[in-house]
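# Remarks on the overall topology
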Amino acid sequence: MEYLAQIILIAVGAAVINNFVLSYFVGICPFIGVSRRVDMAFGMGCAVTFVISVAGFLSWVFTYYLLRSGAPLATWLYHLCGGTGPSDLSILNYIVYIFLIAASVQLVEMYLRKFFPPLYKSFGVFLPLITTNCAILFACLEIMKHLSGDNPWDLGQSLTLAFFGGVGFTLALLIMAGIREDLELCDVPKSLRGAGITLVIAGILAMAFMGFNGVNASLQKALTPAPAEKTQLAAAAEKTVEQATLPQETK
Amino acid sequence: MSNDGPTSLERFINGILPENPTYRQVLGMCPTLAVTATMKASMTMAVSVAFVMICSNIIVSLIRNLIKPHLRILVFTLIIATFVTIADKFLAAFMPDMSDQLGPYIPLIIVNCIIICRCEVCAAKQSLAPAVADAVGQSIGFMLGLCSVATVRELLASGSWFDIPLFWKEGSSTEWMRWAILGLAPGAFFTLGLLMGVANWVGAKFEKKAA
Amino acid sequence: MLKYFKQGWLVIAISLAFGAILAGVQITLGPKIKENQITKSYNRIPLLVMGRENVEGAKIVIKGDDVTVERDGKAQAVFTVVKPENPLDYDVYKVCQDGKQAGWVILAKGNGYADEIVCLIGLSTDLKTITGVSVISQKETPNLGSKIQSPWINQFAGKAANPPLEVVKNKSGAPDNNKIDAISGATISSDSLTTIVNQAVAKFAADVKNLKFATAAEEK
């Protein structure tokens, strides 16, 4: 039950409260470039979500078993070669992540080319460009941050962060695309056309999303039982256990 | 074969204003929005990007004849990622407070479009001197972009510049509610968007004068 | 196979070369980075145990597990930090001075208004008084919630650990020994920090019985 509460908190946090685009400023380049039409924005958002989930999964596996200090597989190999103590390959973190992301993008490209050719054609050059999307590397870095130190995250939590981060990215992209479609009919000053007005609108969107600040504190309170209740329940449970065992002891 | 294209001086001057990465090419938006809340962070980021860009341009330009065309992005990324790791560890060892403040944005230099773009457009095609000049010019341009946004944000949001309080000292007679929104996410977007509008307007005026 | 090698030899060569460079960087800078992590916490131990006024303006020198407070080149106090032999999932430091225990310092983490707040809490040896709280990292609203890192936090020093601290809103100066004045305009941040402190103190009171320390350090 507590695990589910944690998953919900991570999901809502990544998608809405700490939206990747509007509060962490990652994925801005496609945000400005691709958000002109809603259908293109939705396609890009789905592709990024797919890639971010695959990349998140791969980076968790590599970091947990090979890269972090004290990783099981790497330490075993290290001891096999005669070393002592935990292994620490975390210096190779960034290189491994960027290669995993490039591999994930290749995977998605091959998958789309085989099963959805028209979609693949409509993406054109944007699909390989997802490799340089900051949002995906940022998701990998967040997973790395939570895998170091105490209470390392397990696969479910990391995948939730990655997937819902992509969902949040898609959400922001869709909202921006909807607004920009209407903006085409407006009279924007010449110097602000293009990137300028998009950024100003993104600022207003960021203000709106700032309203979600503090939701995770209340969500946490709502999802975890209060300590007083817990001890009452625990005390009641203890009492029943005592009463169940007493007759046998007096025998 | 190796020196067709703009000369070193042209590359250098182009990078500063005419092909400014922030205002003209609209690249590298992520750090421009994320670290420009204070001038100190912006300068640290600008120097890190300069280090990575200059080093990777040097290496790519030296081995440009050996890279197979279909593997070039891979090679560029590998080189850039190595230098970013070096920069990150260096910051963590010698400037730990700045490293904590900049957080994940230093490793995000790896996917900064400016660096890969410069490797692709200039370093892979020209010899050492133009490549270095290009890297230095683009770094100065990026620094200008970052510092312009950071100056506006830090002055209006906390009344200081490089952490030196300029006006709106707490308790002084000119104390005024600081525009805290500019230090937060929306302020970054607003400042960059409006400054981009100003840059476009100034650029259009210069073009009209030249025409 | 040879064809692939011909295509990829450059990538392999670069990977090996850069791998060696990175290994060198790790060997030279790795220890310094670890040292910086430890210094972040150890730097605050004197002010948590001795009180902020006594540490104001002094220089703190850290050597291994010894934290020295220096004023004008002379050592005013030397603390030895002992870590438990069976560590818990949060950092606990037993702070000793001249062979006797001077207090406890524990690391506490929790959710603030915007993101996670990490702080160090100083407790007296008998766990009855909070000797100080110091925020290590926070991402609260600048100029509002971020005031938890300003002198506002000094009011935690000297409060009793039991009953749990309460946050009150009026600026009455909080004469009661378990009331904390909220920051005006940042109630949730003040609330979150106080909750983190209360929960950490209660948890530590339960966990401290299970901790084992090497007795040699105390007899130094």
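This write-up is about the structure you can find in this document. (Residues numbered from 1 in each chain as written. Chains lettered and ligands numbered in written order. Predicted model: local features only at pLDDT ≥ 70, side-chain atom pairs only at ≥ 80, totals over all residues. Heavy atoms only, no water.)

### Describing the overall build of chain B
Using the following cut-off: Put simply, DSSP H or I for four residues or longer makes a helix, DSSP E for two residues or longer makes a strand, and each gets a number counted from the N terminus. The buried label goes to any residue with under 20% of its type's maximum accessible area, the exposed label to any with over 50%, and the partly exposed label to all in between, with areas taken from a 1.4 Å probe on protein chains only. Contact between two residues is taken to exist if any of their heavy atoms lie within 4.5 Å; hydrogens are not considered. Computed by Shrake-Rupley with a 1.4 Å probe, the accessible areas treat only the displayed protein chains as cover when residues are assessed.
Check the secondary structure of chain B and you find eight helices and two strands. Ordering the α and β elements of chain B from the N terminus gives α-α-α-α-α-α-α-β-β-α. The principal-axis extents of the C-alpha atoms in chain B amount to approximately 65 × 50 × 25 Å. Among the 211 residues that make up chain B, the fraction classed as buried is 54%. Sequence-distant contacts, at least 24 apart, represent 76% of the contacts inside chain B between residues at least 6 apart. For chain B, the exposed surface amounts to about 9000 Å²; the carbon and sulfur share of it is 70%.

### Considering the pairing of strand β3 (residues 74–82) of chain C
Residues and elements named next belong to chain C. So the rule is basically this: Strand pairing requires that DSSP identify at least two bridges connecting the strands.
Inspection of the sheet shows strand β2 (residues 66–71) paired to β3 by six bridges, in the antiparallel sense. Looking at β3, one finds that T68 is bridged to V78. Here β2 hands over to β3 after two residues, with D72 in that stretch at a positive phi of 55 degrees. Summarising the sheet, β3 and strand β4 (residues 92–97) pair through three bridges and their orientation is antiparallel. Bridged to T80 within β4 is C96.

### What to know about the interface of chain A and chain C
Convention followed: Reported buried area values correspond to the accessible surface (1.4 Å probe) lost by two parts on association, with both partners' losses combined. In what follows, salt bridge is the name for a side-chain nitrogen of Lys or Arg lying within 4 Å of a carboxyl oxygen of Asp or Glu. Throughout this entry, Asp, Glu, Lys and Arg are counted as charged residues, while Ala, Val, Leu, Ile, Met, Phe, Trp, Tyr, Cys and Pro are counted as nonpolar. The remaining residues, Gly among them, count as polar.
Listed per partner, the contact involves 13 residues of chain A and ten residues of chain C. When the two sides are added together, the surface that chain A and chain C hide from each other amounts to roughly 1100 Å², 45% of it contributed by carbon and sulfur. In terms of surface lost to chain C, no three residues of chain A exceed A:I91, A:D150 and A:N213, which account for 41% of the buried area on that side. Remark: the boundary between chain A and chain C carries zero salt bridges. The element contributing the most residues to the side of chain A that touches chain C is helix α11 (residues 215–223) of chain A, with three residues. Of the residues assigned to the side of chain A that touches chain C, the class counts are five nonpolar, six polar and two charged.

### Thoughts on the interface of chain B and chain A
Just so we agree on the cut-off: A 3.5 Å cut-off defines polar contacts: any pair of N or O atoms within that distance qualifies, except that in protein one atom must be a possible hydrogen donor and the other a possible acceptor, and neighbouring residues in sequence count only when both atoms are side-chain atoms.
Contact with chain B, which involves 36 residues of that partner, is made by 33 residues of chain A. Summed over both partners, the interface of chain B with chain A comes to about 3000 Å²; 85% of that surface belongs to carbon and sulfur atoms. Of all residues in chain B, the largest losses of buried area upon contact with chain A belong to B:C30, B:V111 and B:F189, amounting jointly to 21% of the total for that side. Summed over the shared surface of chain B and chain A, the number is three residue pairs in polar contact (both at pLDDT 80 or more). Secondary structure elements with two or more residues in the side of chain B that touches chain A: α2 (29–34), α4 (72–94), α6 (113–123) and α8 (185–210) of chain B. Top element by residues in the side of chain B that touches chain A is α8(B). It accounts for twelve residues. Grouping the constituent residues of the side of chain B that touches chain A by class yields 27 nonpolar, seven polar and two charged.

### As for empty space enclosed by the protein
Selection criterion: Residues are called lining when one of their atoms sits within 4 Å of a cavity or pocket point, these points coming from a 1 Å grid over the protein atoms alone, where a cavity is a set in which a 1.4 Å probe fits but cannot get out and a pocket is an open set with protein on both sides within 12 Å along at least five of seven lines. Grid points are joined across faces, edges and corners, and a volume is the space filled by probe spheres set on the points.
Across all of its chains, the model carries one cavity of 30 Å³ or more by this definition. By volume, the largest cavity amounts to about 30 Å³. In this structure, the largest cavity is lined by A:C29, A:C134, B:G28, B:M29, B:C30, B:P31, B:L108, B:V111, B:N112 and B:C113. Top element by residues in the lining of the largest cavity is α2(B). It accounts for three residues. Classifying every residue of the lining of the largest cavity gives eight nonpolar, two polar and no charged.

### Some remarks on the packing of aromatic side chains
All names here are of chain A. Operational definition: Pairing of aromatic rings covers Phe, Tyr and Trp, the last counted by its six-membered ring, and requires centre-to-centre distances within 6.5 Å; plane angles under 30 degrees mean stacked, over 60 mean edge-to-face, and any other angle means tilted. We count a charge as sitting over a ring when the NZ of a lysine or the CZ of an arginine lies within 6 Å of the ring centre and within 35 degrees of the ring normal.
All told, the structure shown has 19 aromatic pairs over all chains when counted by the stated rule. Measuring from centroid to centroid gives 5.2 Å for F20 and F138, while their planes differ by 90 degrees, and the two rings are edge-to-face. In this pair, F20 sits in the loop between α1 (2–17) and α2 (28–33) while F138 sits in helix α8 (residues 134–147), placing the two residues 118 residues apart along the sequence. Residues F20 and F138 agree in their burial class; the two are buried. Through successive ring pairs, a cluster of aromatic residues spans F50, Y111, F115 and F116. Its guanidinium or amino end placed over the ring of Y64, R68 lies 4.1 Å from that ring's centre, counting from NZ or CZ.

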